[in-house]
Amino acid sequence: AKKSGKNQSTYFTEILENSIIKKNNIQEILRYSIKNKRFRLLYQPQVDVLTGEIIGFEALIRLKDHSISPNEFITIAEEKGLIGKIGRFVIEEAIRQLSKWKEKGLDLKPIAINFSAKQLNDKAIIKYIEELLKRYDIPPQYLDIEITESILLDDDCEAINFINRLKGMGVKVSLDDFGTGYSSLKYLSKFPVDKMKLDKSFIDQYLNESGKKIIKQLILLAEAFDLDVVVEGVETIEQVRLLQKLKCKIIQGYYFSKPLEAKEISEIYTKKFD
Ligand code: C2E
Ligand code: CA
Ligand code: CA
Ligand code: CA
């Protein structure tokens, strides 16, 4: 027993060491990628299920030279204090993309970007957003900032102040991953947001009778707070049909489109899905 105990602790030490090495590697990759601008954004359409039209996009970050998932590297970027710079890249790149589509003569559609709670440490972030919108001549309502409940965990007042300043500028704010945190209802009443994004886990877990009821109630709840609802992670026609029945208006998911390069988006920009 003693022997196997020792082996086991060696084993765990190894796992721990490997994960530290891996983390440090990713940290190095991130530093390099920040310095050399080796990030890009993909855009996933959000579709109005009644008209089939694309009504906006979510920007999703990728590393140019690596296939490490954003879930993994964003977490490390947050831990290592690198999210501020990455976050600024995302904001500028999305606004620049809006201006490119505008120059092409396309009717603008909002781009939603993901905003980490840790980016609140960047004290000049509001000013940064304001200046970029001005520089690229983009009306603020075409920028939509997705936040999660976790933004309220550290400091309620600071987060609410942040949201109010964005809204004061005319920037849209969405509550991402709704329903995955705890006390979501409390946050919904505190957050002056425009939109609520229902997490994929609802679609996955709740395609049975009780699940339908939950989704239906969440959609009604959003209406009561005068919020738009986007349902994420929709992959099948059955899911689309069900959501239509539940009067859900906006869907984002592989069923309509995976996240695409800006160039590919330009080709389907005015497409109508059926
Ligand atoms: P999220 O904000 O919840 O983004 C939705 C994720 O679901 C994306 O994964 C998207 O590609 C994926 N997805 C969309 N439709 C479907 C579907 O029908 N089926 C399935 N299985 N997945 C679908 P992705 O791009 O890997 O991003 C993962 C997470 O990384 C995001 O979750 C977000 O939390 C974070 N992230 C991505 N880009 C950024 C960014 O620019 N900044 C920050 N702070 N976080 C980001
Ligand atoms: Ca998101
Ligand atoms: Ca989400
Ligand atoms: Ca998420």
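Residues numbered from 1 in each chain as written. Chains lettered and ligands numbered in written order. Predicted model: local features only at pLDDT ≥ 70, side-chain atom pairs only at ≥ 80, totals over all residues. Heavy atoms only, no water.

Engineer: If you had to explain helix H10 (residues 237-245) to someone new, which residues and values would you point to?
Structural biologist: Buried within H10 we find Gln239, Val240, Leu242 and Leu243. Projected down its long axis, H10 shows its buried positions confined to an angular sector of 165°, all on one face. What points out from H10, more than 90 degrees from its buried face, is the exposed set Glu238, Arg241 and Lys245. Downstream of H10 by a residue or two, lysine 247 has a phi angle that is positive, lying close to 70°. (Buried < 20%, exposed > 50% of the residue type's maximum accessible area, 1.4 Å probe, protein only. Helix = DSSP H or I, 4+ residues; strand = E, 2+ residues; numbered from the N terminus. Arc of directions from axis to C-beta.)

Engineer: Report on the pattern of salt bridges, specifying residues and quantitative values.
Structural biologist: Enumeration according to the criterion identifies 16 salt bridges in this entry. The salt bridge partner of lysine 102 is aspartate 137, with a shortest N-O separation of 3.4 Å. One end of the pair, lysine 102, is in helix H3 (residues 83-103); the other, aspartate 137, is in the loop between helix H4 (125-135) and strand S4 (143-147), and 35 residues separate them in sequence. On the basis of relative accessibility, which here comes to 35%, the residue lysine 102 falls in the partly exposed class. Close ionic contact of glutamate 158 with lysine 123 constitutes a salt bridge, the shortest N to O distance being 2.5 Å. In this pair, glutamate 158 is assigned in helix H6 (residues 156-169) and lysine 123 in the loop between strand S3 (111-114) and H4, connecting sequence segments 35 residues apart. Exposure remark for glutamate 158: the relative accessible area of 29% places this residue in the partly exposed category. Using a relative accessible area of 61% as the deciding quantity, one classes lysine 123 as exposed. (Salt bridge = Lys/Arg side-chain N within 4 Å of Asp/Glu carboxyl O.)

Engineer: So what's going on with the site of ligand 1? Which residues, and what values?
Structural biologist: In the region of ligand 1, 21 residues are neighbours, and Arg62, Asn114, Lys200, Glu235 and Tyr254 sit closest. In this structure, a nitrogen atom belonging to ligand 1 sits 3.1 Å away from a side-chain N or O atom of glutamine 44. Residue glutamate 58 places a side-chain N or O atom 3.3 Å away from an oxygen atom belonging to ligand 1. For ligand 1, whose free accessible area comes to 800 Å², the fraction covered by protein is 82%. Elements that contribute at least two residues to the shell around ligand 1 include exactly strand S2 (54-63), helix H2 (70-79) and strand S5 (172-178). With 4 residues, S2 is the largest single contributor of residues to the shell around ligand 1. Among the residues making up the shell around ligand 1, the classes are represented as 8 nonpolar, 6 polar and 7 charged. (Near = heavy atom within 4 Å. Polar contact = N/O pair within 3.5 Å; in protein donor to acceptor, adjacent residues only side chain to side chain. Areas by Shrake-Rupley, 256 points an atom, 1.4 Å probe, with all protein chains shown as cover. Nonpolar A, V, L, I, M, F, W, Y, C, P; charged D, E, K, R; others polar.)

Engineer: Quick rundown of the coordination of the calcium ion (ligand 2)? Include the residues and the values.
Structural biologist: Reference values for coordination geometry: four tetrahedral donors around a metal ideally subtend 109.5 degrees, six octahedral donors ideally subtend 90 or 180 degrees. Taken together, the protein ligands of the calcium ion (ligand 2) are Glu58 (OE), Asn114 (OD1), Glu146 (OE) and Asp176 (OD), with distances of 2.1 to 2.3 Å. The sequence pattern describing where the donors of the calcium ion (ligand 2) fall on their chain is E-x55-N-x31-E-x29-D. Metal-to-metal, the separation of the calcium ion (ligand 2) and the calcium ion (ligand 3) is 3.9 Å; aspartate 176 coordinates the two. Highlighted residues: glutamate 146 in strand S4 and aspartate 176 in strand S5, separated in sequence by 30 residues. For glutamate 146, a relative accessible area of 2% corresponds to the buried category. (Donors = N, O, S within 2.8 Å, 3.2 Å for Na, K, Ca; no water.)

Engineer: Residue-level account of the layout of surface pockets, with values.
Structural biologist: Think of a ball as big as a water molecule: rolled over the atoms, this probe shows where empty space is left. Taken as a whole, the largest pocket encloses approximately 1300 Å³ of empty space. What lines the largest pocket is a set of 43 residues, among which Leu60, Asn71, Asn114, Asp176 and Asp177 lie closest to the centre. At the level of secondary structure, the elements contributing two or more residues to the lining of the largest pocket comprise strand S1 (39-48), S2, H2, H3, S4, helix H5 (151-154) and S5. (1 Å grid on protein atoms, 1.4 Å probe; cavity = no way out; pocket = protein on both sides within 12 Å on 5 of 7 lines; lining within 4 Å. Points joined across faces, edges and corners; volume = space filled by probe spheres on them.)

Engineer: I'd like a rundown of the sheet that holds S4, residues and numbers included.
Structural biologist: Spatially, 8 strands are ordered S1-S2-S3-S4-S5-S6-S7-S8 in a closed barrel, and the strand pairing comes out mixed. Between one strand and the next, the sheet's axes are offset by a mean angle of 30°, whatever the strand orientation. Inspection of the sheet shows S5 paired to strand S6 (residues 195-198) by 3 bridges, in the parallel sense. In the sheet register, leucine 175 faces S6, and the bridge partner there is methionine 196. The strands that helix H9 (residues 209-224) touches are S5, S6 and strand S7 (228-232); relative to S6, the one it contacts most, it runs at about 170°. (Pairing = 2+ DSSP bridges. Axes fitted to C-alpha atoms, helices over the stretch in contact; angles between N-to-C directions. Contact = heavy atoms within 4.5 Å.)

Engineer: For the side chain of aspartate 48, give the residues involved together with the corresponding values.
Structural biologist: Looking at where aspartate 48 falls in the secondary structure, it is placed in strand S1. Despite its burial, aspartate 48 remains without a salt bridge, the nearest opposite charge being carried by lysine 249 at 8.6 Å. A distance of 2.8 Å separates a polar atom in the side chain of aspartate 48 from the backbone nitrogen of leucine 50. Every residue in contact with aspartate 48, bar those within four places of it in the chain, is listed here: Glu53, Ile55 and Lys249. (Lys, Arg positive; Asp, Glu negative; His and termini not counted.)

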